[in-house]
Amino acid sequence: MCVQAVGPFARVDSDSTTQEFTMKIHEYQAKALFREFGIPAPDGIVARSAREAEQAAMTLGLPVVIKAQVHVGGRGKAGGVKVVTKEDEIIPTAEKILELEIKGLQVNKVLVTPAANIAKEVYLSILIDRGARKAVFIGCADGGVEIEITAKEAPEKILRCEVPAGQLNNLPKELLQDFASKLFPDAAQADQCVDIMIKLARLFAEKDCSLLEINPLIVDDQGKVIALDAKALIDDNGLFRHPELVELRDMEEEDVDELKAKEEGLSFIRLDGNIGCMVNGAGLAMATMDTIKHFGGDPANFLDVGGSSNPKKVVAAFKMILKDPKVKVILINIFGGITRCDDIARGILQALDEMEVPVPIVIRLKGTNEAEGLKLLEGTELHPAQTLEEGAVLAAKLGGQS
Ligand code: GDP
Ligand code: MN
């Protein structure tokens, strides 16, 4: 049985899930991917000014929808999606949308697309359920802009359909029929939905996506099932396989520091706290953040400096961390394996020679050549910690949190 209700919708609410290792693309780009995989999604024209939007609308013919292209959801509610039926409304509508800031992001471009007549709005997505270690379809017969409310107030309406391991590329119809008919009681529409799900799963697998979301998946006045909106998140770790997707990255929408970090070979994500973290290895960086939180502290960032002890990288890392005025203390947590602790210590000291770090630094060195490493740090202003727990407690204290 593949249909059952899920509890929290939070995993699916695209803005609240942590998407730290994903690349976002725009709706118009996601729709182009959809079409490439045979999923019906209306084409359109991207415009950067009201004049361009007008031209696009005249080319397509009225009525059109003008849609803000920004990397956040809820554009409709914010006034970023408008149907335009009259010629003299195109320019003022486009101007208004291009002036909007939605959830902190400035709208720089709009998608102009033929308006559809909507008979029904459904929610459909596919994502990885970490708990079940499987891809799963999530669906709701009442799609549209109120989906989060539905999920909260009537969670039993949210359906799920797990994809058996290894079957994403070739899903059998029978597996999806039940789920699709719950979303679309009409048999012809359910068939179209099944077809879309099969293609969606293929796209999900082939392009290393972590989420594909269609809200709304509509039935138009001809009975055709169409993706009226499209959202795609791509797993960063799969991007090396997809140069064609890397090109879709929109620099205007990305955190400049996070991108710069990538160029330096660092993996950096800004968070809200005041304890700057510098860690080698992504898993250890996660564990470090958890431990800091456990002891009442609040990490200011996630930063994996990788395996190297290169002082240039350490300098780049310090600079990245210190750009954030909230940072009151830095916790360095290094596990020396192949990289030796004394090399790391030397790298840090050399970095500190080159630049000033105006906040206290707590450092925990563990593993290969740890004694030699700690010896090098003697007599410096760094605060050594024996264990991660001790380091986290000290950092929280120096950061003024406990
Ligand atoms: P979101 O708010 O960012 O998710 O943007 P959507 O693309 O989902 O659009 C929001 C809402 O605008 C949809 O749920 C529809 O109700 C409406 N909408 C979008 N496109 C059309 C269209 O072509 N025709 C009509 N009538 N409504 C549309
Ligand atoms: Mn939507």
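Remember, predicted model here, so these are calculated numbers, not experimental data. (Residues numbered from 1 in each chain as written. Chains lettered and ligands numbered in written order. Predicted model: local features only at pLDDT ≥ 70, side-chain atom pairs only at ≥ 80, totals over all residues. Heavy atoms only, no water.)

Engineer: Before we move on, can you summarise the packing of helix H9 (residues 282-294) against helix H13 (residues 388-398) with the specific residues and values?
Structural biologist: Pairs of packed helices are described in terms of their axes, by the angle between the two and the distance that separates them. Axis separation between H9 and H13 bottoms out at 9 Å; the angle between their running directions is 55 degrees. Considered as vectors, H9 and H13 are oriented oblique to each other. Viewed along their axes, H9 and H13 form a crossing whose handedness is right-handed. In this structure, H9 contributes Ala-287, Thr-288, Thr-291 and Ile-292 to the contact, and H13 contributes Leu-388, Glu-389 and Ala-392. (Axes fitted to C-alpha atoms, helices over the stretch in contact; angles between N-to-C directions. Helix = DSSP H or I, 4+ residues; strand = E, 2+ residues; numbered from the N terminus. Parallel < 35°, antiparallel > 145°, perpendicular 65-115°, else oblique. Left-handed = near helix turned anticlockwise from the far one by under 90°. Contact = heavy atoms within 4.5 Å.)

Engineer: Let's hear about the coordination of the manganese ion (ligand 2): which residues, and what values?
Structural biologist: Protein coordination at the manganese ion (ligand 2): the donors are Asn-215 (O) and Asp-229 (OD), at 2.2 Å from the metal. Placement of the pair is Asn-215 in strand S12 (residues 209-220) and Asp-229 in the loop between strand S13 (225-227) and strand S14 (231-235), with a sequence separation of 14 residues. For Asp-229, a relative accessible area of 18% translates into the label buried. (Donors = N, O, S within 2.8 Å, 3.2 Å for Na, K, Ca; no water. Buried < 20%, exposed > 50% of the residue type's maximum accessible area, 1.4 Å probe, protein only.)

Engineer: Account for the environment of Ala-385, naming residues and giving values.
Structural biologist: Looking at where Ala-385 falls in the secondary structure, it is placed in the loop between strand S20 (383-384) and H13. Separated by 20 residues in the primary sequence, Ala-385 and Leu-365 have C-alpha atoms spaced 7.8 Å apart. Not counting chain neighbours up to four residues away, the residues in contact with Ala-385 comprise Val-362, Ile-363, Arg-364, Leu-365, Glu-390 and Gly-391.

Engineer: Can you tell me about the pairing of strand S19 (residues 361-367), naming the residues and giving the values?
Structural biologist: Taken residue by residue, a regular strand's side chains alternate between the two faces of the sheet. Of all seven residues in S19, five are buried, a share of seventy percent or more. For the handedness criterion, the β-α-β arrangement of strand S18 (residues 329-336), helix H11 (residues 341-354) and S19 is classed as right-handed. Of the pairings in the sheet, the one linking S19 to S20 comprises two bridges and is parallel in character. Residue Ile-363 lies in a different strand from S20, and its bridge partner there is Pro-384. (Right-handed = clockwise from strand over helix to strand, strands pointing away. Pairing = 2+ DSSP bridges.)

Engineer: Lay out the side chain of Glu-27 with the relevant residues and their values.
Structural biologist: Positionally, Glu-27 belongs in helix H1 (residues 27-36). With a relative accessible area of 4%, Glu-27 lands in the buried category. Side-chain polar atoms of Glu-27 contact the side chain of Lys-67, separated by 2.6 Å. Contacts of Glu-27, omitting those with residues within four sequence positions, involve Lys-67, Gln-69, Arg-75, Leu-111, Leu-228, Asp-229 and Ala-230. (Polar contact = N/O pair within 3.5 Å; in protein donor to acceptor, adjacent residues only side chain to side chain.)

Engineer: Requested: an account of the packing of aromatic side chains, with residues and values cited.
Structural biologist: One pass over the structure, following the stated rule, counts one aromatic pair. A ring pair is formed by Phe-137 and Phe-179, whose centres lie 6.4 Å apart and whose planes are at 45 degrees; its orientation type is tilted. Of this pair, Phe-137 sits in strand S10 (residues 134-140) while Phe-179 is found in helix H5 (residues 173-183), placing the two residues 42 residues apart along the sequence. Side by side, Phe-137 and Phe-179 carry an identical accessibility label, which is buried. (Phe/Tyr/Trp six-rings, centres within 6.5 Å; stacked < 30°, edge-to-face > 60°.)

Engineer: Requested: an account of the pattern of salt bridges, with residues and values cited.
Structural biologist: Under the defined criterion, the tally for this structure stands at 25 salt bridges. As a salt-bridge pair, Lys-31 and Glu-27 come within 2.7 Å of each other at their nearest N and O atoms. Here Lys-31 pairs with Glu-27, and both are found in helix H1, just four residues apart, close to one helical turn. The same class applies to Lys-31 as to Glu-27, namely buried. Note that Lys-134 is salt-bridged to Glu-162, the shortest N-O span being 3.4 Å. With Lys-134 in strand S10 and Glu-162 in strand S11 (residues 159-163), the pair connects residues that are 28 residues apart, well separated along the chain. Lys-134 gets classed as partly exposed once you look at its relative accessible area, which sits at 29%. Taken together, the salt bridges that share partners define one network made up of Glu-27, Lys-31, Lys-67, Arg-75 and Asp-229. (Salt bridge = Lys/Arg side-chain N within 4 Å of Asp/Glu carboxyl O.)

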